[in-house]
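Descriptive structure summary
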Amino acid sequence: CRVSHYKFNVVMKNTTRLCSSKPIVTVNGRFPGPTIYAREDDTVLVNVVNHVKYNVSIHWHGIRQFRTGWADGPAYITQCPIQPGQNFVYNFTISSQRGTLLWHAHILWLRVTVHGAIVILPKFGVPYPFPKPHKEIVIILGEWWKSDVEDVIDEALKSGMAPNVSDAHTINGFPGFVPNCPSQGGFTLKVKSGKAYMLRIINAGLNEELFFKIARHKLTAVEVDATYIKPFQIDTIEIAPGQTTSVILKADQCPGKYVVTASPFLDTPVEVDNMTATAMLHYYSTVANSPTTFTSIPPTNATPIANKFIESLRSLNSKTYPAKVPLFVDHSLFFTVGLGFFPCPTCKATNGIRAAADINNVTFVMPTTALLQAHYFNIKGVFTDDFPGYPPFVFNYTGDPPKNFQTTAGTKVYRLPYDSMVQVVLQGTTVLGPENHPIHLHGFNFFVVGRGLGNYNPKKDPKRFNLVDPVERNTIGVPSRGWVAIRFRADNPGVWFLHCHLEVHTTWGLKMAFLVENGKGPNECLLPPPKDLPKC
Ligand code: C2O
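Bear in mind that the values here come from a model prediction, so they are computed numbers and not experimental data. (Residues numbered from 1 in each chain as written. Predicted model: local features only at pLDDT ≥ 70, side-chain atom pairs only at ≥ 80, totals over all residues.)

**Considerations on the sheet that holds strand β7 (residues 99-105)**
Put simply, the rule is: Strands pair, by our definition, only if DSSP identifies at least two bridges between them. A helix here means a DSSP run of H or I that spans at least four residues, while a strand means a run of E at least two residues long, and both kinds are numbered starting from the N terminus. Axis lines are fitted through C-alpha atoms, for helices just across the contact stretch, and the angle between N-to-C directions can take any value from 0 to 180 degrees.
Pairing within the open sheet is mixed, and its four strands lie in the order β3-β8-β7-β5. On the outer flanks of this sheet lie β3 (36-39) and β5 (58-61), each paired with one strand and no other. Neighbouring strand axes in the sheet, compared pairwise and without regard to direction, differ in orientation by 20 degrees on average. With four bridges connecting them, β3 and strand β8 (residues 115-121) associate as parallel partners. Its bridge partner lying in β8, R39 is registered against L121.

See the structure below:
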């Protein structure tokens, strides 16, 4: 098998967007950062060298990290951060995965500028299950903040109120057309008439789900979160932070220029940065001064447009790529995910409470030693394994007006025996307000066997579960005022983070971890930690 080596120098870089400059944290001076190319079964070694004043850690989002949890990356969950002046070599093998993923910093809010694509090609000689595109292009959607995001976190934690939103969305690092800063550049996608292009689209933004579309062009979705899907045609992609979607774009319109947009989707009427990022699709054969074709932008609350995309997703489930859906369940869990309140003596403006986010009423407290180390070396007092599998009491989760209650705090994990079949119903709540939460699970892909509005009904809803070809992914949007049911097989020993991929909610505590015990066989145990694993 092949080994690819990468060097990630984490450095500050003065960067200009929206007509003003500021130093940002980058990998190798680039925003977005470099793309990692690998093939299925390759081993990847990334030497991350920290040259900045912040602690750093990098997560390879969606890479299963089978038995190599040490290389997963979330700070204080699987590793202590890489301190200024230090380095760490992430060493992992990609197995049974192919498609598009992303890597990003997994500490504080550094991922706002520290992120990039992971492109996993099929094994040598193995074709895609769809016609080979003429070219492949990575499209990274992101955010640009004029302010220092560390100040935004402080604001979120101290004021008790929702923090600021970004100043612009970006496509491959650029906001595109902005009214009061006309001189800046934007990303241009050059295509030849008649050819097909694969766009590997990634939402690397911090806090907003996005719609992606291209004027007058249909897109054929073929893969999400590095799993193949049954291809379908659509105008508009919905993509949450942490999710990836590969589409085929056919350059089948009259040669010319077509606007590409990434615009926010939020199915609740709270403050949203509604600046739309734009790029340009440009046919090579375009004649000078041919007009530009614009596109309508979906309203921010266009839930039907989002649902049309989400409800079309099915696993490919072919002979070569069967959907291995767990048909029975050993651990059936029910997690309420949402926002609530937490006592905050310093929050004067909000009468001593602040917004908190929780799962089953527990707001997660970050430890100061990595959970995986505490588990492996049996260090006591770092976490408890009493994370509740059910909420402490039943209420109308999606009711209006919501029932308010206070959360409790703790560093709790849920313990799973090796190879358990797990079902988690993720129930959105309206305690603070209805909102869609993109929930990400580390270490596994899961099957999305059910999804619905209102309160989950354990008697009726399982009858409608799709156990044949449900989509398989690593990040799933829990619909606002609704629920999703996921299933996975806990065959990867280690400590695995589960959290909302909206950074503001993670900061407020919408996170927990599964502890998957070792099995008995030689290939059923977590490998020993690498020698250079950072210390806390
Ligand atoms: Cu992409 Cu724990 O995150």
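**Notes on helix α1 (residues 149-158)**
Each turn of an α-helix holds 3.6 residues, which means side chains three or four residues apart point in the same direction. The condition that has to hold: Residues with at least 20 other C-beta atoms within 10 Å of their own are called buried, those with 12 or fewer are called exposed, and the rest are partly exposed. The C-beta atoms themselves are positioned from the backbone. In this context, the arc is that of the directions from the helix axis out to the C-beta atoms.
Every buried residue belonging to α1 is among V149, V152 and A156, and all of these are buried. The arc enclosing the buried residues of α1, seen along the axis, measures out at 45 degrees, which places them on a common side. α1 presents E150, D151 and D154 as exposed residues on the side facing more than 90 degrees away from its buried surface.

**Examining the environment of K123**
Threshold: Working definition of a contact: two residues with C-beta atoms, positioned from the backbone, lying within 7 Å.
Along the polypeptide, K123 turns up in the loop between β8 and β9 (135-144). K123 sits 89 residues away from F212 along the chain, and the two C-alpha atoms are 29 Å apart. When near neighbours in sequence (up to four residues on either side) are disregarded, K123 contacts R39, E40 and D41.

**Some points on the sheet that holds strand β12 (residues 196-203)**
The six strands are arranged β10-β9-β12-β17-β14-β15 in an open sheet whose pairing can be described as mixed. Each edge of the sheet is formed by a strand with only one pairing partner; in this case those strands are β10 (168-171) and β15 (227-234). Ignoring which end each strand starts from, the neighbouring axes of this sheet average 25 degrees apart. When strand β14 (residues 219-224) meets β15, the two strands line up antiparallel, connected through five bridges. Its bridge partner lying in β15, V224 is registered against T227.

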